[in-house]
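Remarks on the overall topology
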Amino acid sequence: MKKLIRKGKVKEVYEVDEDRLKFFFTNNISVFDKVIPNDIPRKGETLCKTSSYWFDKCEDLGIKTHFIDMPEDQVMEVKRVDVIKDYDKIDEDTTNYLIPLEFIARYFVAGSLHDRIKNGVEDFEDLGFEEKPDYGEKLPEPYYEVTTKVEDYDRLLSKEEALDISGLTEEEFEEIKEAVFKIDELIEKNVEKNGLLHVDGKKEFAMDENRNIMLVDTFGTADEDRFWEKDEYEKGNFVQKSKEFVRQYYRETGYHKKLMKARDKDEEEPPIPPLPEDMVEKTSELYVNIMKKLTNGKFR
C-alpha cells in the first residue's frame, strides 16, 4: 500500500491514486469514542468481508456505492472523495465529498436512544409511545436521526442544522433517508432467516464527481449495527450480537458512567482499561460468527 493519508480508530486509509483509496481494517475496537487497548483477532477481516458483501447487494438494488474491490481479507479498494471538515466550504454545488453526517435508523429502544428516554432528554410520546417504554421495546415506527461525522464526538442534529452543515438539499436529504430504509429492508430479510433481529444501524454517504449520492464507508456489520438473537428476544432476553456486547461490559464495570460524568463536567476523561483475555476471545468469536450469519455463510 502507498501513502497513509488518514488513520481512524479502527481503519487506516491509504492513497492508491487520485481516484482511488484503500481501506485497511485493523483489529482495533472502539467504544464511546475510545480505542480499547486490545487487539481483537480477525475483527478487521470480518468488517471488510461483511461490508463488501453488503456493497455487492446494494449495487444489485441500484444503489450507487464507492466499493471497487476486496483484494485482501482486511483491505478494501474504494472510490476517493474529499473529506471537508470546514462546513463553510460545503454548499449545494460541492461535488466529490464525504457528506459530514451519519444517518441512523432505529427499530427498537436501545443504545443512546434508550439513554435519552431514560434521562428525559427524548420525549417518548414523540416516538409514538403512550407510556415510557422499557429497554428493548419495538418502536411503533422506525426512528430516523442524524449526527455529525467529522467532529470529535458524534452530535445529534436537527434536520435544519444537518442541511446547513452538509450542503444537502431537502430532496437529497429525503433521497438518502429512502436509501437507508431500503438497505435496512435488505438487511432485515437477510438476518431474520439466520435467527437475528436488526435493532439499529448507521450509514454514511458521499457525493460523487457528478453530485450523485453514493453509499460509503462500512455498514451492516457488528460495529455499525446492533443485532439481537431473535429466539432469546422472544423469551424476554437480550443476547447482543454486535459491538454492544463490549459496550455493555464497560457499562457494567462503571467505566461508562465515569466517562459520561467527566464529559458532562468538561473534565479530563478517564483512560479506557483493556478487556480481560476471556472478553477478547469472546469478542473475536462474536465477530466471526456474526460475519457468517450476515453473509449467509459466504465468508467463514
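Heads up: the structure comes first, above all this text.
Structure report, in brief. (Residues numbered from 1 in each chain as written. Predicted model: local features only at pLDDT ≥ 70, side-chain atom pairs only at ≥ 80, totals over all residues. Heavy atoms only, no water.)

Bringing the nonpolar core into the picture now. The biggest cluster of nonpolar side chains holds 71 residues, and the ones touching the most others in it are Ile-99, Leu-101, Phe-103, Leu-168, Ile-176, Phe-205 and Tyr-250. The contact partners of Phe-205, leaving out residues within four places of it in the chain, are Leu-98, Ile-99, Phe-103, Ile-176, Ala-179, Val-180, Ile-213, Met-214, Leu-215 and Val-216. Judged by nonpolar contacts, the second largest core, of six residues, contains Val-109, Leu-113, Ile-117 and Leu-139. (Core = buried A, V, L, I, M, F, W, Y, C linked by side-chain atoms within 4.5 Å. Buried < 20%, exposed > 50% of the residue type's maximum accessible area, 1.4 Å probe, protein only. Contact = heavy atoms within 4.5 Å.)

A one-sided burial pattern is seen for strand E3 (residues 20–25), the buried positions being Leu-21, Phe-23 and Phe-25 and the unburied ones Arg-20, Lys-22 and Phe-24. Inspection of the sheet shows strand E2 (residues 11–15) paired to E3 by five bridges, in the antiparallel sense. Counted as the bridge partner of Glu-15 is Leu-21 from E3. Connecting E2 to the antiparallel partner E3 that follows it, the hairpin turn spans four residues. Pairing of E3 with strand E7 (residues 75–79) involves five bridges; the strand directions are antiparallel. Bridging from a neighbouring strand, Leu-21 pairs with Val-78 of E7. (Helix = DSSP H or I, 4+ residues; strand = E, 2+ residues; numbered from the N terminus. Pairing = 2+ DSSP bridges.)

This paragraph deals with the pairing of strand E1 (residues 4–7). The sheet contact formed by E1 and E2 spans three bridges and is antiparallel. Bridge pairing in E2 places Lys-7 opposite Glu-12. Between the antiparallel neighbours E1 and E2 lie three residues.

This next bit is on the sheet that holds E2. Taken together, five strands build an open sheet; the order of strands is E1-E2-E3-E7-E6 and the sheet is antiparallel. The open sheet has two edge strands with one neighbour each: E1 and strand E6 (67–72). Ignoring which end each strand starts from, the neighbouring axes of this sheet average 25° apart. The strands touched by helix H1 (residues 43–60) within the sheet are E3, E6 and E7, with E6 carrying the most contacts at an inclination of about 145°. (Axes fitted to C-alpha atoms, helices over the stretch in contact; angles between N-to-C directions.)

Such coordinate-based values are descriptive only and should not be taken to indicate function.
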